[in-house]
Amino acid sequence: MEYDIDFYKHFAWLRKVNLHSSGNSESYQERLSRLEGDKESLILQVSVLTDQVEAQGAKISDLQSSLVEHQHKLDSTEEMLQQELLHRTSLENQKLSLMGEVSYLKIKLADMEGKQGQGAERQHKAEGLIKELRILKDKVEHLEDQKLQYEKKLKATKVKEISSVFIQRVYPHPYRLRRTQSGGLQAADPDAGQFRRGGLRATAGPRLTRTPESYDSARDLNIPFSQWTKGQVCGWLEDYGLGQYVNLTRQWVENGQTLLSATPQDFEKEMGMKNPLHRKKLQLALNAFTTKVIEKSSELDYIWVTRWLDDIGLPQYKDQFHEARVDGRMIQYLTVNDLLTLKVTSQLHHLSIKCAIHVLHANKFNPNCLRRRPGEERQPSPSEVVQWSNHRVMEWLRAVDLAEYAPNLRGSGVHGGLIILEPRFSSETLALLLNIPPQKTLLRRHLATAFSALVGTQATQEKREYGNATGHVPLTTTAKVKPKKLGFTQFSHLRKRKPDESADYICPIDSGTLTVNGVSRLPSMNPCDDLLDGLQRCCV
């Protein structure tokens, strides 16, 4: 606490005291003593005040030093603030420049997307035109094949009629004929009542022993295959589509019995038959000769199978099937390993072939059972849809206003049998194959409604229940089928297996049928069990 003392007032007070003392007749000694006491008190007060002044001076110096220090801090803070303001100004400038660059890039990106959209639209139109050209080309090839088949059948019918008349009336033993250097049979009158000299030449029939009809007549005359001569066997192989093995066969075979008693290993060793499907084709034909069972599928040759692949939407495998000479009988006995040998690895394509074979079974291998063009029906039943070809399904897509996506089904393996018979094939699978984007929900909903109306209420309910079942694996376009790797403990099972066991067939023959929505269906706890029995699926 600070004390301010006015010394002039204090001495004035002392004067008054002295005057008062004199006035009161006090003695000099008393005043002196009193003054001495006052002096000591004043000295004491002065010392106290001096100490206080010194303390206050020290405090003032401390405050001045702290003030200087704070002033330095304030200056440094102001300098930092100025630097921060400069830095922020530079950042704002950079931000504005970046925003300008972003806007420029956005404008450039929008321009590029517009150009890309135009290019994609042009490419889509070009692809559609290319697919339509391919379809037209396939139709032309199909018509040409039909024309060739018709001409071949017409020619074979004429030759058969002429040869049968000639053989019956001239030679009692027609298969004693031998190829000579004479020309072919000329036109003859089939209505001629009796043989007339000067008509047909006796040696004018080198093709009688080389046509399938001659071998049919041989079977009609109950001549066993084991008694066929070397020439007849070689001619039959050539007509059966295995003409590349005739030279080695002629060196090895003595008669038909040689082939009947041979094993597949003998075919590979003696005839050079490296292709396992060629060996299977020959073995099936020889088994038919042995059992004397005439199957309807044997009437379908390998050329018909290539057209059948077009009908079920798998034309990309025509070369492999044609090279392997796969005919109707082999289709009936196809296995999963056979399809893998034919380079068919897609699980969806396996199921497509399986359902197509089942449709052939249900129609007793009628070669014209599949419908390629729309009929007069307004609302087809599932029993009619199951016979639709791939092209007929594309026509249905055009009818339900999905024509722009119809060409995407080319090569997909989608046909009526797959749509009806496969429980895992749903509208979602079809939308995936049609390449309909997931964000187009209204288009997918329209497809689902049309699909449900097509397959029927019962099949739709079954597909929904199967999709909601536990352990359900949805059908995708990327799933692959690979052979199961056999361990050492499984070779004994291979030795015990019967050769006629049908569990490995794509579509078993002797299994019972179920009727689903008016359509016969093969029974199976899991539709892939029959397809993948003994194999391991690998979804890639």
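Note that the coordinates shown come from a computational prediction; the quantities given were computed from them, not determined experimentally. (Residues numbered from 1 in each chain as written. Predicted model: local features only at pLDDT ≥ 70, side-chain atom pairs only at ≥ 80, totals over all residues. Heavy atoms only, no water.)

## Some words on helix α8 (residues 276–291)
Note that an α-helix has 3.6 residues per turn; residues three or four places apart therefore point the same way. Stated formally: To qualify as a helix, a DSSP run of H or I must reach at least 4 residues; to qualify as a strand, a run of E must reach at least 2; elements of each kind are numbered from the N terminus. Multiplying 1.5 Å by the residue count of a helix minus one yields the expected span of that helix. Under the scheme applied here, a residue whose accessible area is under 20% of the maximum for its type counts as buried, over 50% as exposed, and between as partly exposed, the area being computed with a 1.4 Å probe on protein chains only. We call two N or O atoms a polar contact when they sit within 3.5 Å, provided that within protein one can donate a hydrogen and the other can accept it, with sequence-adjacent residues counted only if both atoms are side-chain atoms.
Relative to the 22 Å expected for 16 residues at 1.5 Å per residue, α8 spans 22 Å between its end C-alpha atoms, a close match to the ideal helical length. Listed as buried for α8 are Leu277, His278, Arg279, Lys280, Lys281, Leu282, Leu284, Ala285, Leu286, Ala288 and Phe289. With a side-chain oxygen lying 3.0 Å from the backbone nitrogen of leucine 277, the N-terminal cap of α8 falls on asparagine 275. Positive phi appears at lysine 292, one or two residues downstream of α8, with a value of about 55°.

## Concerning the nonpolar core
The condition that has to hold: What makes a nonpolar core is a set of buried Ala, Val, Leu, Ile, Met, Phe, Trp, Tyr and Cys residues whose side-chain atoms join them at distances within 4.5 Å. Contact definition: two residues touch when any of their heavy atoms are within 4.5 Å.
Core analysis: the largest hydrophobic core is formed by 68 residues, its most contacted members being Trp308, Phe321, Ile353 and Trp396. The residues touching tryptophan 308, leaving out its near neighbours within four places in the chain, are Ile331, Ile353, Ala356, Ile357, Leu360 and Leu370. Ranked by size, the runner-up nonpolar core spans 21 residues in total, among them Trp228, Val246, Ala262 and Ala285.

## Some remarks on helix α9 (residues 302–311)
With nine of 10 residues buried, α9 is to be regarded as a mostly interior element. Turning to α9, its buried residues number three or more, namely Tyr302, Trp304, Val305, Thr306, Arg307, Trp308, Leu309, Asp310 and Asp311. Of the residues trailing α9, glycine 313 is marked for its positive phi of about 85°.

## Some thoughts on the side chain of histidine 415
Along the polypeptide, histidine 415 turns up in the loop between α15 (390–399) and α16 (416–421). At 2.9 Å, the side chain of histidine 415 and the backbone oxygen of serine 352 are in polar contact. Apart from the residues lying within four places of it in its own chain, the contact partners of histidine 415 are Asp311, Ile312, Ser352, Cys355, Ala356, Trp388, Ser389, Asn390 and Val393.

## Quick notes on the UniProt feature "domain: SAM" (unreviewed entry) in the protein chain
Rules: UniProt positions are given in the numbering used here, feature names are shortened, and annotations may be inferred rather than shown by experiment.
The UniProt entry lists residues 228–292, 305–363 and 388–419 under the feature "domain: SAM" (unreviewed entry), expressed in the numbering used here. Taken as a whole, residues 388–419 contains 44% helix and 0% strand, while its terminal C-alpha atoms sit 9 Å from one another.

## Concerning unusual backbone geometry
Backbone geometry at lysine 364 places phi at a positive 55°, although glycine is not the residue there. Its location among the elements puts lysine 364 in the loop between α13 (347–362) and α14 (382–385). The class for lysine 364 is exposed, based on a relative accessible area of 67%. The backbone of phenylalanine 365 shows a phi angle near 55°, a positive value even though the residue is not glycine. As for its placement among the helices and strands, phenylalanine 365 is situated in the loop between α13 and α14.

## A short note on the pattern of salt bridges
Rules: Criterion for a salt bridge: a side-chain nitrogen of Lys or Arg within 4 Å of a carboxyl oxygen of Asp or Glu.
The final tally for this structure, using the stated rule, is 14 salt bridges. Salt-bridge contacts for lysine 281 lead to aspartate 327; the nearest nitrogen and oxygen are separated by 2.8 Å. Here lysine 281, found in helix α8, pairs with aspartate 327, found in the loop between α10 (318–323) and α11 (328–332); they are 46 residues apart in sequence, far enough to count as distant. For lysine 281, a relative accessible area of 1% translates into the label buried. Residue classification places aspartate 327 among the buried positions, given a relative accessible area of 5%. The partner of arginine 410 in a salt bridge is aspartate 310, and the shortest N-O contact between them spans 3.5 Å. With arginine 410 in the loop between α15 and α16 and aspartate 310 in helix α9, the pair connects residues that are 100 residues apart, well separated along the chain. Of the residues examined, aspartate 310 reaches a relative accessible area of 15% and is grouped as buried. Among the ionic contacts, a cluster of salt bridges with common partners joins Asp138, Asp310, Lys318 and Arg410.

## Here's the deal with the packing of aromatic side chains
As a reminder, the rule being used: Working definition: a ring pair exists when centres of Phe, Tyr or Trp rings (six-membered ring for Trp) sit within 6.5 Å. Plane angles under 30 degrees give stacked, over 60 give edge-to-face, the rest tilted.
Counting across every chain of the model gives eight aromatic pairs. Where phenylalanine 225 meets phenylalanine 289, the ring centres are 4.5 Å apart and the plane angle is 15°; that geometry is what we call stacked. Here the residue phenylalanine 225 occupies a position in the loop between α3 (212–220) and α4 (230–239), and phenylalanine 289 occupies one in helix α8, the gap between them amounting to 64 residues. Each of the two residues, phenylalanine 225 as well as phenylalanine 289, counts as buried.

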